[in-house]
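Chain by chain, the residues:
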Amino acid sequence: AAVLRDMPVLIRLDGFAWWNQRSDLWNWYDQNGSNFNPVSKENVEWTSWDSGSSMGEGKRNWGSEFSLPPHPNLGSTTYINAKKEQLQRIMPQIARWYKNLPENKKYLLAGVVLDKELSIGVNFYLRKGDSPVGPDMDLGPAFGMQQIGYAAVKSYGIKNSGELMIADLAEAVKRHAATLSQTARQSALAEGVDFKDKIYVHGGGNSTSPCCYNNAFPYNDIITPDGRAGWSFYGVIDPASLPGLGSALDQAGDGRWGALEWNVDPGNQKGKE
């Protein structure tokens, strides 16, 4: 279809935001549901330092609140291996298609996006008491919701007791992003194609408020040696004005990044003009 229509494609391979079909990985709590397995509590997030507090149903707010499976444990070996298995299956197919394109048509593959707004506690959450509907990026590390992230932080050996800090969560995200991009790049390299400039990890959970960006995920948590970084920007006219983004791109080395989700609010645009 891309060749026929001369239409570049950006392919998203998401094993994070929408893993609804993989109940074999997350259903530890519904005995009447598909693929029930108590061991799966190791693959989802916890609200304390042990799996006895494993999440059941999660919540998300993209305009309104709805239910979804529990938040994945980004440090779970089983979960990571399941994602690697799919990347190792799909990336060679994309690489072969790209390799067979004529040189003057290579632009038809705009890139491959890994996951969607990779973070902890942002697009999967548990409300705490009378907390608002949806996380507030300026209130990290729990974002005004019930604190989660213990499973990932403990699984990666970052910390196994005490208070969770945003730096702990960001380190877990960073390690997960590095594994994903490395697997994707190596899977393409097996076909003789280096996709470093085609692979983008989609980050999320960043604050746009100058007062509070230290409470949210740093932009460098998805910068990896094997791909590029990209983020969601809402109501942002000039990304260069965002605290911490410039230094994150300096760390990346050449300043390349992806606008993977970008909605400029018309009202803000008018005000800027």
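Here the structure is a predicted model, which means the values were calculated and not measured. (Residues numbered from 1 in each chain as written. Predicted model: local features only at pLDDT ≥ 70, side-chain atom pairs only at ≥ 80, totals over all residues. Heavy atoms only, no water.)

Draft legend 1. Inspection of the layout of surface pockets at higher detail. When its volume is computed, the largest pocket comes out at roughly 480 Å³. Taken together, 23 residues line the largest pocket, and the ones lying closest to its centre are E117, M137, G205, N206 and Y234. Elements with a minimum of two residues in the lining of the largest pocket: strand 4 (109-118) and strand 6 (228-234). Per element, the largest residue contribution to the lining of the largest pocket is three residues, and it comes from strand 6. Taken together, the residues that form the lining of the largest pocket break down as nine nonpolar, ten polar and four charged. Taken as a whole, the second largest pocket holds about 360 Å³ of empty space. Forming the walls of the second largest pocket are 19 residues, and the residues nearest its centre are D14, G15, R22, K83 and Q86. For the lining of the second largest pocket, the elements supplying multiple residues, two or more each, are helix 3 (77-99) and strand 4. Ranked by the residues each element gives to the lining of the second largest pocket, the list is headed by helix 3, at seven residues. Split by residue class, the lining of the second largest pocket holds ten nonpolar, four polar and five charged. (1 Å grid on protein atoms, 1.4 Å probe; cavity = no way out; pocket = protein on both sides within 12 Å on 5 of 7 lines; lining within 4 Å. Points joined across faces, edges and corners; volume = space filled by probe spheres on them. Helix = DSSP H or I, 4+ residues; strand = E, 2+ residues; numbered from the N terminus. Nonpolar A, V, L, I, M, F, W, Y, C, P; charged D, E, K, R; others polar.)

Draft legend 2. Main features of the packing of aromatic side chains. Counted according to the given criterion, the structure contains 15 aromatic pairs. Between the aromatic rings of Y98 and F195, the centroid separation amounts to 5.3 Å while the plane-to-plane angle is 75 degrees, which identifies the pairing as edge-to-face. Residue Y98 is located in helix 3, and its partner F195 is located in the loop between helix 5 (166-189) and strand 5 (199-203); the two are separated by 97 residues in the primary sequence. Comparing Y98 with F195, the two get one shared label, buried. (Phe/Tyr/Trp six-rings, centres within 6.5 Å; stacked < 30°, edge-to-face > 60°. Buried < 20%, exposed > 50% of the residue type's maximum accessible area, 1.4 Å probe, protein only.)

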